[in-house]
Amino acid sequence: MISIPDKAKHFLVLVIKLFIVGGAFYFIYQQLVSNEKLEWDKFLLIFNKNQSVFGILFILYFSVVNRFLEILKWQNLAQVVRKISLFEATKQVLAALTAGLFTPNGIGEYAGKAFYFEKKETKKIVFLNLICNGIQMVLTILFGIFGLLYFNVLHPVMTTKNIGLLFLGVLILIVILFSVKRITIKGYSIEKLLHKINEIPKSIHRKNIVLGICRYLVFSHQYYFLFVAFDVDLPYLTLMAAITSVYFLASSLPTFQFLDFAVKGSVSLFFFGLLGVNEWIVIFISTLMWFLNVVIPVVIGSYFVLNFKTVKA
């Protein structure tokens, strides 16, 4: 094995740090400045009309709580390996978010958290991060299916036949997964995965689920209140059905974190277009959600990336 001198290692780590942070800020700048669909004049007109310090703090509060719940989720799961402080969990979550900004489906986030632990714990950390994100995905699917069905009653986007085929497909998939759970591929199987999940104390799973539900309710209602702030006058259940449908369908599409708002924005245009909401409002709200829940945490996370120190094995 080739040995790399310490000075070369430090230089390589510095280059990687600068690449991650520089890349993050470049992509953020490109999306905010180069997006021709963001009509700032209209935004400023509504902002000046409805401007309120309380209203701004109210919306920002949702972003803080959203990320705080994610930090609590990670702190809760990380204790399987070792207990970490709230500050340590904050540092790991925000740094990992920055590292995963321009990787497909935030894959870099898994490596970002693993770097804060000993090398021998890497597989466990990746697995725990999978559990952390997995529960959020399951909740997004569950809320999304109910939201989509309700929305479909108001504005048919799927025929009864397609809905039946969707549920049949899900049922067949579940049957297949449990039928082949003993089949091993490269040492991995569904049965082993379920066994590893069951090894984690139930109290940790319960807390993870509760925090996941709270987080989903927080960011979905932040979306809702932004529409209210932009004078969109629609019934609560109708708006929430559209929002849960957008998250459900957008989350099923492979994408990069820095393009997340673009994907959600395009899906949002379809659903909210059926509700008669102006296109520019939909795009602006999708961008604001991305800015509040991704850009701001990434800016803070950049500090932790630049000050990151590797853990000795």
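Keep in mind that what you see is a predicted model, and the values were worked out from it rather than measured.

Peer 1: What's the story with the overall build of the chain in this structure? I'm lost.
Peer 2: Broken down by element type, the chain carries twelve helices and zero strands. Helices and strands in the chain line up, N terminus first, as α-α-α-α-α-α-α-α-α-α-α-α. Burial status across the chain gives 43% buried among its 313 residues. In the chain, 75% of the contacts between residues at least 6 apart in sequence involve partners at least 24 apart. For the chain, the exposed surface amounts to about 18,000 Å²; the carbon and sulfur share of it is 70%.

Peer 1: Is there a simple way to explain a positive patch on the surface in this structure?
Peer 2: On the surface, a cluster of positive charge is made up of Lys-123, Lys-124, Lys-192 and Lys-196. For the positive patch, the elements supplying multiple residues, two or more each, are α6 (122-154) and α8 (190-199). One can find Lys-196 in helix α8.

Peer 1: So what exactly am I meant to see when it comes to a nonpolar patch on the surface here?
Peer 2: Residues Val-53, Ile-56, Leu-57, Leu-60, Phe-291, Ile-296 and Ile-300 make up a contiguous nonpolar surface patch of about 570 Å² in total accessible area. At the level of elements, α3 (53-78) and α12 (279-306) are the ones that each hand at least two residues to the nonpolar patch. Checked against the element boundaries, Leu-57 lands in helix α3. We classify Leu-57 as exposed; its relative accessible area is 52%.

What counts, and at which threshold
Residues numbered from 1 in each chain as written. Predicted model: local features only at pLDDT ≥ 70, side-chain atom pairs only at ≥ 80, totals over all residues. Heavy atoms only, no water. Helix = DSSP H or I, 4+ residues; strand = E, 2+ residues; numbered from the N terminus. Buried < 20%, exposed > 50% of the residue type's maximum accessible area, 1.4 Å probe, protein only. Contact = heavy atoms within 4.5 Å. Areas by Shrake-Rupley, 256 points an atom, 1.4 Å probe, with all protein chains shown as cover. Patch = residues over 30% accessible without salt bridge, like charges linked within 9 Å, V, L, I, M, F, W, Y side chains within 5 Å. Salt bridge = Lys/Arg side-chain N within 4 Å of Asp/Glu carboxyl O. Lys, Arg positive; Asp, Glu negative; His and termini not counted. Charge placed at Lys NZ, Arg CZ, Asp CG, Glu CD.

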